[in-house]
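Listed below, chain by chain, are the residues.
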Amino acid sequence: MYQEIDFDKIDLSQEPPIDEPSRQYFFMAQCREFIRSESARLGRVPTYSIQTFGCQMNAKDSEKLAGILQGIGYAAAKTEEADFVLYNTCTVRENANTRVYGRIGYLGRLKRTKNPDMKIALCGCMMQEEHVVAKIKKSYPFVDLIFGTHNIYKLAELLYRQIRARGMVVDIERESAKIVEELPSERKFDFKAGVNIMYGCNNFCSYCIVPYVRGRERSRRPEDIIREMQEMAENGVTEVMLLGQNVNSYGKTFNTPISFAKLLQMAEKVEGIKRIRFMTPHPKDLSDELIEVMAKSEKICRHVHLPVQSGSSRILKLMNRHYTKEDYLALVGRIRAAMPDVALTTDIIVGFPGETEEDFMQTMDLVERVRYQNAYTFLYSPRANTPAAAMENQVPQAVAKERYDRLIGRIRDISQEIAQQDAGKTMEVLVEEVNAQREGFMTGRLGNNLLVHFPAGEFFVENGQAWEKNLKDKKDLQHLLGKYIKVQLTECMGFYYIGVPVNEP
Ligand code: SAH
Ligand code: SF4
Ligand code: F3S
């Protein structure tokens, strides 16, 4: 874990150290010199902005990148018009890439017209693809720095190299040699945080590019994970999300293997942590041990995101998912038997190569049987060099789109019916945000992951009616952030609730 470093004490006349993280501290100190001279030249502190395009893992990487930039001396900008702009990209589907290209064009215009000294940097999954880097070199020559997913810890070193070189610096590693940890991190929330438990993926689902851009599976040592959680808890974090592409294969490669369920049991013991979530378990190896640990736990949230991808066993085989529709339904049965109140969510791909109407009807049937609290649906997107992209019988867009619309309609209806079941109940939320849409309202999250918007101030409920006792200054809502409070879910709005805080009797 990172301990505060006094960068001014680092001797910059020496050669950079070879070992990590000392090497990065050295380059952070070098970059601080640059920021000092820039501050003097501009008459203000240079600013940075990071945009995250991908999943929770990318978001976590962005926090680490922000930590390095703040350590160097950059100040966070409110908008994208910053002196250092970094896009942390995603390439899981083509539309993620299209968005990035559009935005780089916009950044180029900003740089040309408003701030010629602006530094534009791109990193993340998309940059691990050779054709992407080739395209950027050719069509977006104003980009200053490109790096990938395996070397984010090297940001200061790369920035220093770029400052010296002045031209575009490209540094992509094909495989991760090491996990460098003791670097600063700048968390988005004070009270909740993601914790990497493993990196990479070995599953090679036939449609998926993640194993190619994130490399082979590597688990972090349990003691490092627990220590990070303890330090987070000491700093006010009460909710953690354990992150990995397939958390169920956590710890399997250690000399003395340890299961994910065991890791969860260790995590539960961390004092100060009230809620534990995890993302993502693969259905093929979600163990009974895990179900048992969850069912007994006071801290592990009653929510399982269990990506099914398709309801057709034939398609699941082509997807290389290693389970059938029946296996999946049996698993859902076991989870629900142990935790009747569990919320299940999923990911579904529509229009995988060779998907027939009959296959699709199997997916509709599965959705009907499982009754998800929510399902994230995606149109199949061919990814370079994945087996599925080379399969015959690619489904025409129009056919896939029509199926997609049918599916989301049904999912939405079921979600609403499910949310309705809890209407009227009183449940605990973690208050996460001041509601941007409704003045005087806050937004909290239930253990089952649904959001509740509620008015702040002092309220009580009598005969199902909410009364406002004494609404304090509406602007002074910040003090509620990070608190756990009980709210009555007065109205179900489909995917979220309106509630009122309840004074405990
Ligand atoms: N590791 C996680 C998911 C990572 S990607 C898991 O195994 O479930 C998140 C989701 O993106 C996947 O669950 C899948 O539904 C979707 N996805 C991945 N590749 C895709 C592709 N080529 N086209 C469309 N959706 C895709
Ligand atoms: Fe992709 Fe499959 Fe790995 Fe998830 S488990 S990241 S879908 S290859
Ligand atoms: Fe995207 Fe990379 Fe995550 S491809 S979904 S950001 S692992």
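The text that follows walks through the structure, step by step, so that each part is easy to find. This is a predicted model, so every value here is computed, not measured. (Residues numbered from 1 in each chain as written. Chains lettered and ligands numbered in written order. Predicted model: local features only at pLDDT ≥ 70, side-chain atom pairs only at ≥ 80, totals over all residues. Heavy atoms only, no water.)

For the rest of this paragraph, the subject is empty space enclosed by the protein. Where empty space is left can be seen by rolling a probe of water-molecule size over the atoms. All told, the structure shown has 1 cavity of 30 Å³ or more when counted by the stated rule. Quantified by volume, the largest cavity comes out at close to 40 Å³. Lining the largest cavity are Met-57, Asp-61, Asn-196, Met-198, Tyr-199, Gly-200 and Arg-214. Elements with a minimum of two residues in the lining of the largest cavity: helix H2 (56-72) and strand E8 (198-199). (1 Å grid on protein atoms, 1.4 Å probe; cavity = no way out; pocket = protein on both sides within 12 Å on 5 of 7 lines; lining within 4 Å. Points joined across faces, edges and corners; volume = space filled by probe spheres on them. Helix = DSSP H or I, 4+ residues; strand = E, 2+ residues; numbered from the N terminus.)

Read across the sheet, 3 strands follow the order E12-E13-E14 without closing on themselves; strand pairing throughout is parallel. Strands at the two margins of the open sheet, each flanked by one partner only, are strand E12 (303-305) and strand E14 (374-379). Put simply, the sheet's adjacent strands are angled 10° from each other on average, direction ignored. Taken together, the 6 bridges between strand E13 (residues 343-350) and E14 define a ladder with parallel strand orientation. For Val-350, the partnering residue across the bridge sits in E14 and is Leu-379. (Pairing = 2+ DSSP bridges. Axes fitted to C-alpha atoms, helices over the stretch in contact; angles between N-to-C directions.)

Taken together, 15 residues are adjacent to ligand 1, and Arg-93, Gln-245, Gln-309, Asp-347 and Ser-381 come closest. A distance of 2.9 Å separates an oxygen atom of ligand 1 from a polar side-chain atom of Arg-93. Between ligand 1 and Tyr-207 there is a distance of 3.1 Å, counted from a nitrogen atom to a backbone nitrogen or oxygen. When ligand 1 is considered free in solution it has 540 Å² of accessible area, and contact with the protein chains removes 90% of it. For the shell around ligand 1, the secondary structure elements donating two or more residues are E13 and E14. For the shell around ligand 1, the residue count by class is 7 nonpolar, 4 polar and 4 charged. (Near = heavy atom within 4 Å. Polar contact = N/O pair within 3.5 Å; in protein donor to acceptor, adjacent residues only side chain to side chain. Areas by Shrake-Rupley, 256 points an atom, 1.4 Å probe, with all protein chains shown as cover. Nonpolar A, V, L, I, M, F, W, Y, C, P; charged D, E, K, R; others polar.)

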